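Here is what each chain is made of, one letter per residue.
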Amino acid sequence: NAGVMQNPRHLVRRRGQEARLRCSPMKGHSHVYWYRQLPEEGLKFMVYLQKENIIDESGMPKERFSAEFPKEGPSILRIQQVVRGDSAAYFCASSPLYPGEGPGELFFGEGSRLTVL
Amino acid sequence: KNQVEQSPQSLIILEGKNCTLQCNYTVSPFSNLRWYKQDTGRGPVSLTIMTFSENTKSNGRYTATLDADTKQSSLHITASQLSDSASYICVVTPAGNNRKLIWGLGTSLAVNP
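Undergrad: Please provide a residue-by-residue account of the overall build of chain A, values included.
TA: When helices and strands are counted, chain A shows zero helices and eleven strands. Helices and strands in chain A line up, N terminus first, as β-β-β-β-β-β-β-β-β-β-β. The C-alpha radius of gyration of chain A comes to 14 Å, within 12% of the 13 Å expected for a compact globule of 117 residues. Projecting the C-alpha coordinates of chain A onto the three principal axes gives extents of approximately 40 × 30 × 30 Å. By residue count, 45% of the 117 residues in chain A fall in the buried class.

Undergrad: Give a detailed account of the sheet that holds strand β7 (residues 62-67) of chain B, specifying residues and quantitative values.
TA: Residue and element names in this part refer to chain B. Taken in spatial order, the five strands make up an open sheet running β1-β3-β8-β7-β6, and their pairing is antiparallel. The two strands at the open ends of the sheet, each matched to only one other strand, are β1 (4-7) and β6 (56-59). Taking the axes of each pair of neighbouring strands and ignoring which way they run, one obtains an average angle of 15° across the sheet. Where strand β3 (residues 19-25) meets strand β8 (residues 72-77), six bridges bridge the pair, whose relative direction is antiparallel. What sits directly across from Thr 20, in β8, is His 76.

Undergrad: Any chance you could break down the sheet that holds strand β8 (residues 75-79) of chain A for me, citing the residues and the numbers?
TA: Residues and elements named next belong to chain A. Overall, antiparallel pairing links the four strands, which are arranged β1-β3-β8-β7 in an open sheet. Both edges of this open sheet fall to β1 (5-7) and β7 (65-68), since each of them pairs with a single strand only. Taken over all neighbouring pairs, the strand axes of this sheet differ in orientation by 15° on average, direction set aside. Pairing of β1 with strand β3 (residues 19-24) involves three bridges; the strand directions are antiparallel. Following the sheet pairing, Met 5 is matched in β3 by Ser 24.

Undergrad: I'd like a description of the pattern of salt bridges, backed by residues and values.
TA: For the coordinates displayed, the defined rule picks out eight salt bridges over all chains. One salt bridge connects A:Glu110 with B:Arg42, and the closest N-O pair in it is separated by 2.8 Å. Taken together, the residues span two chains, with A:Glu110 in the loop between β10 (107-108) and β11 (112-116) and B:Arg42 in the loop between β4 (30-38) and β5 (45-51). In this structure A:Glu110 comes out as partly exposed when scored by relative accessible area, which is 26%.

Undergrad: Tell me about the interface of chain B and chain A, residues and numbers included.
TA: Of the residues lining the interface, 18 residues belong to chain B; the matching set on chain A comes to 23 residues. Around 1,700 Å² of area is buried between chain B and chain A when both sides are counted, 52% of it from carbon and sulfur atoms. Run the count over chain B and chain A and you get one salt bridge. On inspection of chain B and its partner chain A, the count reaches six residue pairs in polar contact (both at pLDDT 80 or more). Breaking the side of chain B that touches chain A down by element, the ones donating at least two residues are β4 and β9 (86-94) of chain B. Of all the elements, β4(B) adds the most residues to the side of chain B that touches chain A, at five residues.

Undergrad: Help me get a handle on the nonpolar core, residues and values and all.
TA: In terms of nonpolar packing, the biggest core is built from 24 residues, with B:Val4, B:Leu33, B:Trp35, B:Leu75 and B:Tyr88 touching the most fellow members. Of all the elements in the fold, those that place two or more residues in this core are β3, β4, β5, β7, β8, β9 and β11 (107-112) of chain B. B:Val4 has contacts with B:Cys23, B:Asn24, B:Tyr25, B:Val27, B:Cys90, B:Val92, B:Ile102, B:Trp103 and B:Gly104, leaving out every residue within four places of it along the chain. Grouped together as the second largest cluster of nonpolar side chains are 23 residues, A:Leu11, A:Leu49, A:Ile79 and A:Cys92 included.

Reading guide: rules and limits
- Residues numbered from 1 in each chain as written.
- Chains lettered and ligands numbered in written order.
- Predicted model: local features only at pLDDT ≥ 70, side-chain atom pairs only at ≥ 80, totals over all residues.
- Heavy atoms only, no water.
- Helix = DSSP H or I, 4+ residues; strand = E, 2+ residues; numbered from the N terminus.
- Rg over C-alpha atoms; globule rule 2.2 N^0.38 Å.
- Buried < 20%, exposed > 50% of the residue type's maximum accessible area, 1.4 Å probe, protein only.
- Pairing = 2+ DSSP bridges.
- Axes fitted to C-alpha atoms, helices over the stretch in contact; angles between N-to-C directions.
- Salt bridge = Lys/Arg side-chain N within 4 Å of Asp/Glu carboxyl O.
- Contact = heavy atoms within 4.5 Å.
- Buried area = accessible area lost by both parts, 1.4 Å probe.
- Polar contact = N/O pair within 3.5 Å; in protein donor to acceptor, adjacent residues only side chain to side chain.
- Core = buried A, V, L, I, M, F, W, Y, C linked by side-chain atoms within 4.5 Å.

Shown next, in the form of structure tokens:
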């Protein structure tokens, strides 16, 4: 049973380019979360998605960032016109649905490290 | 002010020694509290989960305690090993809000030989 798969593991972009990060959740998991982690800092929530729906995007910057989780295929975190401040590790996590108790255990991928030159 | 505060920010101990990490939270009411371990360059992995009615939970050499009255949790590591070097993060799930987990900033633990 494969874990959460993220790719690419490392991505280098120049300022102004687009970055696309992909996340395939664990089999049977219908919830996906994206987090950002700057060096020496904690994890910061960005967005929570279920299949074809954005449930909570309160942690997403208003501009340049978008996320989707289509019916088929992986979840995508898209950053347009990247700037140096976007350089960070982006972690994806998935969880099964535990009704009434909120998200179950989050299973994290190994992260995608974005470097903006 | 962060709703989940962890201390110390960093800690260095010798291999074989015990240590205790602290988590103070103001989230109330809450559904559960988890401790995650994050190795450098890796994604976090869940160590323990406790609901508000549980006082202690063990996972091998890791023992978590919870005092819902004082809103404090601790993670005790026994007989530390070099592989315990990592960041340990306390995470609280607010009751009734099943979307937004409240993350602490973590304690960075270094176990030296």
